[in-house]
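Commentary on secondary and tertiary structure
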Amino acid sequence: MGKSPEEEHPVKAFGWAARDTSGVLSPFKFSRRATSDEDVRFKVLYCGICHSDLHCVKNEWGISKYPILPGHEVVGTVTEVGSKVQKFKVGDKVGVGCMVGACHSCDSCEKSLENYCPKMILTYNSPYYDGTITYGGYSDHMVANERYIVRIPDNLPLDYAAPLLCAGITTYSPLRYFGLDKPGMSIGVVGLGGLGHVAVKFAKAFGTKVTVISTSIGKKKEAIEILGADSFLVSTDPAQMQAALGTLDGIIDTVSAVHALLPLIGLLKYHGKLVMVGAPEKPLELPVFPLLVGRKSVAGSSIGGMKETQEMIDFAAKHNIKPEIEVIPIDYLNTAMERLAKADVKYRFVIDVANTLKVE
């Protein structure tokens, strides 16, 4: 019989976790490892709620290990550093995103693409090097190897910084890698949720012309007036879609529900790229002929490596890119999950951990 979560490690910790597939979260006592030579420990001040947290607490992807304590958009202030830590000191503003470990010897790791390492260790619900399961940021403190700590610039408020550690890097990375960051380019963003609204902000900061593509005409005013998009397409309106054929250099598709790709491919110019960053639960139908006639491509992208994540945070701070957030107390967590399931949030919940998590 293994040790209980409260006894696994020497440092007591407290947070909110789900115990079963109901997904209901409640107070949870556990423990974290002692600070090793290369570790940074920090007090959690805020933690964003990602849609994948909702999938995981309900085991909708079939990979959850209970109890599960989510949260991979975690920010706070450093309280302790190991003897070999060089980049951080007590009091620094820092964050942890979607991963806390990798093999550090494969081709991906050597190219600062830890996110594509076959042995990547996720921030929660993942076996760590010592065999224990990782716990996320819905908790009072975190400890992680220095390599996986991101420095948050002083001019970027921590509550706004939190969602950038997942939603931010998930959209920044494909815009950069696929060359969709050149001023004057025409870029489409499908879906205006947690990922989509950040994609719009980054694409605009790169100097591109941004078209939001959505099924909901009700989002047009917000897309253009608040988020700064240049135009808006209702994807269910055949006339609008027909008029926009062949006008976009690239599209970032953030939708995680099953949807048709053919109309989106039609919007691309020749050599255009449709990049998927949402994760539908069921396979999508991919028509090949429209790809052939314009040498178009469909690709995917998942978060980013640690070097690029730091680059993204610095870029966001420089260009004043802030997600649209709703800050909540931790005891509102289950209601927030219900609202997130109905897409009833503009556009990212952020838990005020420091002021509302009461240790029981």
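Before reading on, note that the structure itself is shown above.
About the thresholds
Counting starts from 1 at the beginning of each chain's written sequence and moves along it residue by residue. With the structure being a predicted model, the display of local features is reserved for residues of pLDDT at least 70 and the display and counting of side-chain atom pairs for 80 or more, all residues being used for whole-chain, interface and lining totals. With hydrogens and water stripped out, all remaining heavy atoms of the structure feed into the side-chain values. Paired strands, in this sense, are two strands between which DSSP finds at least two bridges. Put simply, DSSP H or I for four residues or longer makes a helix, DSSP E for two residues or longer makes a strand, and each gets a number counted from the N terminus. Throughout, right-handed denotes a crossover for which the path from the first strand over the helix to the second runs clockwise when the strands point away from the viewer. Note on ring pairs: Phe, Tyr and Trp rings are taken, using the six-membered ring of Trp, and paired if centres are within 6.5 Å. Classes follow the plane angle, with under 30 degrees stacked, over 60 edge-to-face and the rest tilted. Each residue's exposure class comes from its accessible area (1.4 Å probe, protein chains only) as a fraction of the maximum for that residue type: buried when under 20%, exposed when over 50%, partly exposed otherwise.

1. Brief notes about the pairing of strand S14 (residues 268–276)
- Two elements, strand S13 (residues 248–253) and S14, share five bridges in a ladder whose sense is parallel. Its bridge partner being in S14, Ile252 is matched across the sheet by Val275.
- After leaving S13, the chain enters helix H7 (residues 262–267) and then returns to the sheet as S14, a path that is right-handed.
- Relative to strand S15 (residues 297–300), S14 runs parallel, the two being bridged by four bridges. When the sheet's bridge partners are listed, Leu274 is paired in S15 with Val298.

2. Examining the packing of aromatic side chains
- In this structure the tally under the stated criterion is 10 aromatic pairs.
- When the centroid spacing of 5.3 Å and the interplanar angle of 70 degrees are considered together, the rings of Tyr172 and Phe202 count as edge-to-face. Of this pair, Tyr172 sits in helix H3 (residues 158–177) while Phe202 sits in helix H4 (residues 194–205), placing them 30 residues apart in sequence. As far as burial versus exposure is concerned, Tyr172 and Phe202 are alike and both buried.
- Plain terms: the ring middles of Tyr177 and Phe178 are 4.9 Å apart, the flat faces sit at 90 degrees to each other, and that makes the pair edge-to-face.
- Three or more aromatic residues link up through ring pairs in this structure, and these residues are Tyr172, Phe202, Phe206 and Phe315.

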